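The residues making up each chain are set out below.
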Amino acid sequence: MAHSVIAELTGRRQHALPSETGGVLLGVVDMEARSIHICAALDAPLDSNATPTNFERGIAGLREAIAGIGAETAGQLTYVGEWHSHPAGAPTSASRVDVAQMTELARVFDANGVPGIMAIAGDDGIRIHAASLLAEAPVTIITSAGTLQ
């Protein structure tokens, strides 16, 4: 994940507290290298629902925003998953709701042979979760801290 994305997610979380917030992740998928590089994060659509203990991402303008960025980057940046924040004091580990959402992401992304990505921002930084229901070799997630397998 690019350093700028980490700073963006951290700042968006801080600005939204005490409520949760979130959005979508965009990145570069390299099928040959079996890697995903997270390059950008979109903010919560205006129709999102955020409380101190829950975040439900809306859809208003989301398709257009993703398509616009795809067009600007000649198709290089594409939707790779979701991000959201946890409230102050909560860890960045996946909750039961997060696990259910990751299962849904896995079902969508498995059709393309890559895992769905979920980033969770919290007091202890940003944790990247990769979800796949396939038994194939994992895809490498490239982050600013190095490489996750």
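Here goes a summary of the coordinates provided. (Residues numbered from 1 in each chain as written. Predicted model: local features only at pLDDT ≥ 70, side-chain atom pairs only at ≥ 80, totals over all residues. Heavy atoms only, no water.)

**Comments concerning the environment of glycine 122**
1) Next: Examined against the element boundaries, glycine 122 turns out to sit in strand β6 (residues 116-122).
2) Next: For glycine 122, a relative accessible area of 10% translates into the label buried.
3) Next: On a C-alpha basis, the gap between glycine 122 and histidine 86 in space is 5.2 Å, while along the polypeptide they are 36 residues apart.
4) Next: Here glycine 122 is in contact with Arg13, His86 and Thr92, once residues within four sequence places are set aside. (Helix = DSSP H or I, 4+ residues; strand = E, 2+ residues; numbered from the N terminus. Buried < 20%, exposed > 50% of the residue type's maximum accessible area, 1.4 Å probe, protein only. Contact = heavy atoms within 4.5 Å.)

**Points about helix α1 (residues 3-16)**
1) Next: Look at α1: 20 Å from first C-alpha to last across 14 residues, which is about the 20 Å you get at 1.5 Å a residue.
2) Next: Buried within α1 we find Val5, Leu9, Arg12 and Arg13. An end-on view of α1 places all buried positions within 100° of arc, on one side of the element. In α1, those exposed residues whose orientation departs by more than 90 degrees from the buried face are His3 and His15. (Expected span 1.5 Å × (residues − 1). Arc of directions from axis to C-beta.)

**Notes on the side chain of histidine 86**
1) Next: Assignment of secondary structure puts histidine 86 in the loop between β5 (78-85) and α3 (96-110).
2) Next: Judged by its relative accessible area of 7%, histidine 86 is buried.
3) Next: A polar side-chain atom of histidine 86 sits 3.2 Å from a polar atom in the side chain of histidine 84.
4) Next: Histidine 86 has contacts with Arg13, Glu20, Pro91, Thr92, Ser93, Asp98, Ile120, Ala121 and Gly122, leaving out every residue within four places of it along the chain. (Polar contact = N/O pair within 3.5 Å; in protein donor to acceptor, adjacent residues only side chain to side chain.)

Read these as geometric descriptors, not functional statements.
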